[in-house]
Amino acid sequence: MSLKDRPSRHTALDADSTLAFVDTPLRRRMRKAAALVGLAVYAIYLGYRGLYTLNPDALAFSLAVYVAEIHGFFSLAFYYFQIWEVRRRTVPAPPEGLSVDVYITTFNEDVDLLRQTVRGAINMRYPHRTLVLDDGRRPEVKALCDALGCEYLARETNEHAKAGNWNHAFARTSGAIIATFDADHVPRADFLERTLGFFADPKVALVQVPQRYHNLDSLQHRVDWRNRRLYGEQDVFFNLVMPGKDHWNASFFCGTGAVLRRSALEPYGGLVTGTITEDMHTALALQAEGWKSVYLNELLVTGLAPMDFASYSSQRLRWAEGNLKIIRRLNPLTHCGLTFAQRVCYFASMYHWTIGFPKLVFYLAPPLILFTGQFPIAQFDRTFVLMYLAHLATLVGSYKLLARGTGRLFMDELFNMANFYTLLVASARFLIGRRASRFVVTSKRGGEGRDDRAALPHYALAGFTVLALVWSGLGLGFGVTEDVVGAGVATFWALYNLTLMLMVATFARRPSQKRQAVRFRASVPVELLDVPANGWLGVTLDLAESGCTLLWPRRLMLGTRLRLRLHLGPRPLDCDGEVVSSHDRVRSEWVGHGIRFHLTGPDAVDRLADALYNMAVPEILTRLTRPSWAVRVTRAISSRLLGSTKFRAPRYEAFLPMRVQTRDGEEWLATTRDLSQGGLSLVSSRHVPPGRLVRLILRSPDGEWSSLATVVRAMPMPGADDSLRTWLVGMRIDGHADVVGLRHILSAEALA
Amino acid sequence: MTMRLVTVLAVFVAVELGVFYWRHHDVVRLSVSRSTVVADAAFPEAARAVLARDRISRRVLERVADVAHERREFDLQVRALERIAGTYPEDGRVRLRLAQALRDAGRLDEAERTYRAELGLPPDGGVR
């Protein structure tokens, strides 16, 4: 029974009322104007190209490039349509008494990996039932479920892969609401509390949250620690496109980190099967029936992104092939029940996967020009150049303005290069109509060694480009041709593409996962329990379930067994470790040591994992959100013009351990985060109210520094688990203290 | 893997060099030192092949013209200069050289017409 056939009921909440605009009205109008100008200039450029610049001497080549440009126009138009209005949600309180099932689907993932996901799911605060759906039928997974106290479900076959696994559980459970996670996606304790409130609107069928990843050394991330900037290939999708789709009630189910209403899925017996991207297929079917979807752009779950190029390409191939093939079963342009905007949004999501062909044309064009001397553009004159530059300027300008600091053109182009062959294969399979598509589980750990076969098309393309450059160089050198300008333009274009190809090659050639566990940048105070207590403290530079990098004021001998106390927020963890490596810090006396943990039993691992997922991950992802320099400069100028400039003293990042003492004898450890001329901020495991006077003590190889400081602010650090709550405490250092000395001790730049 | 890729690329570049020579051996022959080209018995053949091309650089045509002049093969010189003059009609120096080459080739009427055109003299009067 579709939603439209149901009798109308009293609506306790209209989910649409939770939508809010991200931008001010002025900025919204500005962005819309930019989008329209960008598209209008692009259309004029295409008109000019079609009328005056098609080359009859190389018509096929010329038309191929022109069609690729037209494809780009529609791609941009669909993109701008989807992000026409970017919305956020206000979160309603969750209704009490909902029966909630939590499904964790698994097939062949490591039990250690699954363990943290299951624990995260069990630890969600809202009452629920957790089920592990194991298509691998592994006894060790069943043992894990028994040990952790959740239910285990397996089936005899693997029919319909993940969707079949899901539906098998769907038929055997009865929860009115179902939350679903992949085996590597660890939910936060407040996941259900933040998402269930939307189901007070009886028309809401699903709530999706963004997929964020905690392995920032994955293939699809680039981290600039110094500038606190993170690029994630999927950021544009989850930070712009999905909030934009949400405006049109067209956000869709992404397979994990979602909550679904059972009654909406009952007509299908669960998820819609028949494609390898059951998530989007299901969402499309539900929205055609009139159900609503909600996208909540909050960090509520983190997972693992593919570590190597082969896994990455295999995942993208599945997404592309699956999404394209949905058109055959449920064409959003013709299927009844969808609004115009939903049709455009869903079609845009499918169209996105067809960029393989135009990209191939753009990658092949420069070598073809260099080889043949034929240009796809007949009139390469001043008018064309001006027209092209106007198009390029408005395209880049509107893209950057609408990206709201998220998109990075060069990186987007880099990943287009990485994906072009995969997308070509997907398009070919769609056009040829390969009958059976295979659901390939994305490897969460990466391959065993270097496997760059997935990059062979890029190597071939790079080789072809190099040969073209050589050919063109020979031709110019021997005087076969004298078109220096044409060859120069094509060479520049070819070298740009070649740079992208070589960068993709480095992706593919980088060693896959070096360590068994993901390492997180986490600065945690460390004490060595069996080293004579001189007040020395260390701090971790990074931390994993298997070990850490410890910054210690003195050199520790290799092979030394240590008894460590890791101050993981309010819950210190004592464990054994061994020094396996050491390296000097360049500009200070601190010595970095690689420590391998010898954790005794799963409880210790769990406590460490809790700290990592509840403290380290939220802090890292919050810290890496600094706007680009362009945005910062724009903001500085506008605030100066508006007269709202607040001058702040420069801050230097520094991560060092400190003792904090109060007058009544309390003492605990904290880690500094930054230092300014008159104060510092540190992460403390205890809440200290503003106005309180404390003594700070730091011992470093350079000496001891101590000062009185007054707390000026205390803010909770991001994280959902109150038992692991830490506080970012801002302190004003007493006027008589030697701040310059402290700065010297911190060696801020060296340690940042 | 890297070595294998570099080796494959090197092989392809070597093949490409071979193909380039095969396609453009006439141009390559004209690119060696001038004295070698002047002494090359196969020069007329290479020059005719170059002149038969749809596209060729001015540099190569100039080389053909200069060598042909030195070898006193004025017909080839005239053909080369005609190509250059056709491509660069604004270059008067080339047309004067063409007129000179026509005179050297014994094609006096054509030489006179070319001189007259270049010097702006009427076709039926003036210098005889």
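Residues numbered from 1 in each chain as written. Chains lettered and ligands numbered in written order. Predicted model: local features only at pLDDT ≥ 70, side-chain atom pairs only at ≥ 80, totals over all residues.

1. Considering the interface of chain A and chain B
Right, so step 1: With 13 residues of chain A at the contact, the number on the chain B side is 17 residues.
Right, so step 2: For the side of chain A that touches chain B, a count of residues per class yields eight nonpolar, three polar and two charged. (Contact = placed C-beta atoms within 7 Å. Nonpolar A, V, L, I, M, F, W, Y, C, P; charged D, E, K, R; others polar.)

2. Observations concerning the nonpolar core
Right, so step 1: Judged by nonpolar contacts, the single largest core of 181 residues is most densely connected at A:Ile104, A:Leu206, A:Phe520, A:Leu612 and A:Ala616.
Right, so step 2: What A:Leu206 contacts, discounting residues up to four positions off in sequence, is A:Phe253, A:Ala258, A:Val259, A:Leu260, A:Ala283, A:Leu286 and A:Ser293.
Right, so step 3: B:Val27, B:Ala47, B:Ile56 and B:Leu61 belong to the second-largest nonpolar core, a separate cluster that totals 25 residues. (Core = buried A, V, L, I, M, F, W, Y, C linked by C-beta atoms within 7 Å. Buried ≥ 20, exposed ≤ 12 C-beta atoms within 10 Å, placed from the backbone.)

3. Regarding the sheet that holds strand S6 (residues 177-182) of chain A
Residues and elements named next belong to chain A.
Right, so step 1: Pairing in this open sheet of seven strands is mixed, and the strands run S5-S4-S3-S6-S12-S8-S13 from one edge to the other. The open sheet terminates on both sides in strands that have one partner only, identified here as strand S5 (151-153) and strand S13 (292-295). Adjacent strand axes in the sheet meet at a mean angle of 25° when their direction is disregarded.
Right, so step 2: As paired strands, strand S3 (residues 100-106) and strand S4 (residues 129-134) are joined by six bridges and run parallel to one another. The residue of S4 that forms the bridge with Tyr 103 is Leu 131.
Right, so step 3: Packing of helix H4 (residues 139-148) onto the sheet brings it into contact with S3, S4 and S5, and relative to S5 it is tilted by some 160°. (Pairing = 2+ DSSP bridges. Helix = DSSP H or I, 4+ residues; strand = E, 2+ residues; numbered from the N terminus. Axes fitted to C-alpha atoms, helices over the stretch in contact; angles between N-to-C directions.)

4. Observations concerning the packing of helix H4 (residues 58-70) of chain B against helix H5 (residues 74-87) of chain B
Residue and element names in this part refer to chain B.
Right, so step 1: In the contact formed by H4 and H5, the axes pass within 8 Å of each other and the chain directions differ by 155°. Our classification of the angle between H4 and H5 gives roughly antiparallel. The handedness of the crossing between H4 and H5 comes out as left-handed. Between H4, through Arg 58, Leu 61, Glu 62, Val 64, Ala 65, Ala 68 and His 69, and H5, the contact on the second element is made entirely by Phe 74, Leu 76, Gln 77, Ala 80, Leu 81, Arg 83, Ile 84 and Thr 87.
Right, so step 2: Of the residues that constitute the contact of H4 with H5, the class distribution is nine nonpolar, three polar and three charged. (Parallel < 35°, antiparallel > 145°, perpendicular 65-115°, else oblique. Left-handed = near helix turned anticlockwise from the far one by under 90°.)

5. Quick word on the pairing of strand S23 (residues 667-675) of chain A
Residue and element names in this part refer to chain A.
Right, so step 1: Note that strand S21 (residues 652-653) and S23 share two bridges and pair antiparallel. Bridge assignment links Glu 653 to a residue of S23, and that residue is Asp 674.
Right, so step 2: Alignment of strand S22 (residues 657-662) against S23, held across five bridges, turns out to be antiparallel. Directly across from Arg 659, in S23, lies its bridge partner Leu 669.

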